Amino acid sequence: MFVKISQISLKCYCHLVQCLLEMSLSSVQSTVSTLKSCQADIGSCMDMISDVALGIVEAQGMDNSPALKKLEDMILECSRLDREINCFVESVDEMTAQARHEPPEAMVHLRNTVEGRFSELMAGVSDADLQRHSKVVAFKDNVRKYAMQAGQNVAENEEEELDEDIAVTQSQTNFICPLTQVEMVNPVKNKKCNHYYDQGAVLEMIKAKQKNKKKFRCPKVGCGNTDVKQSDLELDLVMKRMIQNHKRQSRKT
């Protein structure tokens, strides 16, 4: 999938350069939009990498294996590609906006100005910037948290002192979406109030409220968060895997 995304991005990049040569601003913007859509695929690829990493942690019980290092390198490469697209789109937006206010002959140099600005922006991108990508940060946090969770589960199983009925009831309560009242499939965490909802349900509710020009209040009882936004939500792959494991255990009993 990663190779496919790279090929799509390269194809869009080449088409965009060709559009610049033809001086067609409308074609430029159309291709920029296509290039931006590739970023959604990159984000999905990064989530897949994180999910595979959690599977490795679960299987090996450690968070520092060579396989995890390879996955970290892959997600950093996705971060680089995402940043590269951002820089290129930004350079196109800046230079085309500038060209609109200049004499028509300035269009002749549009390709060179875009390439020059793109080079400037990319020169300012450091390894630290790639490490700060939200999904790279989430990858590392999820691996660390899941390794700790796995260790705790092993300790609890060895002690055999945990009340299983209470544990199951508590887990089921934590996994229930406050909107659908059923177990979540794709749990997202609200970064402001730390409450969870199923992704599909909460996005649909936010969209419905926005359509009526209203704010969406967190449905968790007692929560004071009166304005839940899509930008506040992040997919929690650790919680998702916990729910999947819970389902598998329930089928065995």
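Going by the structure above, here's the rest.
Presented here is an overview of the structure given in this document. (Residues numbered from 1 in each chain as written. Predicted model: local features only at pLDDT ≥ 70, side-chain atom pairs only at ≥ 80, totals over all residues. Heavy atoms only, no water.)

In this section: the overall build of the protein. Helix and strand counts for the protein stand at nine helices and three strands. Element order for the protein, N to C, with α for helix and β for strand: α-α-α-α-α-α-α-β-β-α-β-α. For the protein, the residues scored as buried account for 34% of the 253 residues in total. Contacts in the protein between residues at least 24 apart in sequence constitute 67% of all its contacts with a sequence separation of at least 6. Looking at the protein as shown, the accessible area adds up to about 15200 Å², and 51% of this sits on carbon and sulfur atoms. (Helix = DSSP H or I, 4+ residues; strand = E, 2+ residues; numbered from the N terminus. Buried < 20%, exposed > 50% of the residue type's maximum accessible area, 1.4 Å probe, protein only. Contact = heavy atoms within 4.5 Å. Areas by Shrake-Rupley, 256 points an atom, 1.4 Å probe, with all protein chains shown as cover.)

Core analysis: the largest hydrophobic core is formed by 36 residues, its most contacted members being I49, L68, L71 and F139. Listed by contribution, the elements that provide at least two residues to this core are α2 (25-60), α3 (66-99), α4 (110-123), α6 (134-159) and α9 (237-252). In this structure, L71 is in contact with I49, V52, A53, I56 and F139, ignoring residues within four places of it in sequence. (Core = buried A, V, L, I, M, F, W, Y, C linked by side-chain atoms within 4.5 Å.)

Between its terminal C-alpha atoms helix α8 (residues 199-211) stretches 18 Å, which fits the 18 Å expected from 13 residues at 1.5 Å a residue. Every buried residue belonging to α8 is among A201, V202 and I206, and all of these are buried. Viewed end-on, α8 has its buried residues packed into an arc of 130°, placing them on one side of the element. Facing away from the buried side of α8 by over 90 degrees, the exposed positions are E204, K207 and K211. On its buried face, α8 sits against β1 (187-190), β2 (196-198) and β3 (233-235). Following α8 by one or two positions, K213 has its phi on the positive side, about 55°. (Expected span 1.5 Å × (residues − 1). Arc of directions from axis to C-beta.)

What follows is about the sheet that holds β1. One open sheet holds the three strands; their spatial order is β2-β1-β3, and the pairing between them is antiparallel. The sheet is open, and its two edges are formed by β2 and β3, each paired on a single side. In this sheet, adjacent strand axes meet at a mean angle of 35° when their direction is disregarded. Direction of pairing for β1 relative to β3: antiparallel, over a ladder of three bridges. Counterpart to N190 in the pairing with β3 is L233. The sheet contacts of α8 involve β1, β2 and β3, and relative to β2 the element is tilted by about 90°. (Pairing = 2+ DSSP bridges. Axes fitted to C-alpha atoms, helices over the stretch in contact; angles between N-to-C directions.)

This paragraph deals with the side chain of H133. Along the chain, the position of H133 falls in the loop between α5 (127-131) and α6. Since its relative accessible area comes to 15%, H133 is described here as buried. There is a polar contact of 3.1 Å between the side chain of H133 and the backbone nitrogen of K135. Those residues in contact with H133 that lie beyond four places of it in its chain are M46, S79 and D82. (Polar contact = N/O pair within 3.5 Å; in protein donor to acceptor, adjacent residues only side chain to side chain.)

Tracing the backbone shows Q98 in helix α3. Spatially, the C-alpha atoms of Q98 and L110 are 9.5 Å apart, while their sequence positions differ by 12 residues.

Right, let's talk about the layout of surface pockets for a bit. Unfilled space is identified by rolling a water-sized probe across the atoms. Taken as a whole, the second largest pocket holds about 500 Å³ of empty space. Surrounding the second largest pocket, 21 residues form its lining, D47, K135, L233, E234 and L235 being those nearest its centre. Counting residues per element, the ones that place at least two in the lining of the second largest pocket are α2, α6, α8 and β3. Here the lining of the second largest pocket takes five residues from α2, the largest share from any one element. (1 Å grid on protein atoms, 1.4 Å probe; cavity = no way out; pocket = protein on both sides within 12 Å on 5 of 7 lines; lining within 4 Å. Points joined across faces, edges and corners; volume = space filled by probe spheres on them.)

Attention now moves to the pattern of salt bridges. This model, assessed by the stated rule, comprises 13 salt bridges. Across the salt bridge formed by R80 and E77, the nearest N and O atoms sit 2.7 Å from each other. Taken together, the positions of R80 and E77, both in helix α3 and three residues apart, correspond to about one turn of that helix. Judged by its relative accessible area of 29%, R80 falls in the partly exposed class. Residue class for E77 comes out partly exposed when judged on its relative accessible area of 30%. A salt bridge links R117 to E120; its shortest N-O distance comes to 3.0 Å. You can see R117 and its partner E120 sitting in helix α4, three residues apart, about one turn around the helix. In the salt-bridge network here, residues are joined through shared partners; they are D51, E58 and R241. (Salt bridge = Lys/Arg side-chain N within 4 Å of Asp/Glu carboxyl O.)

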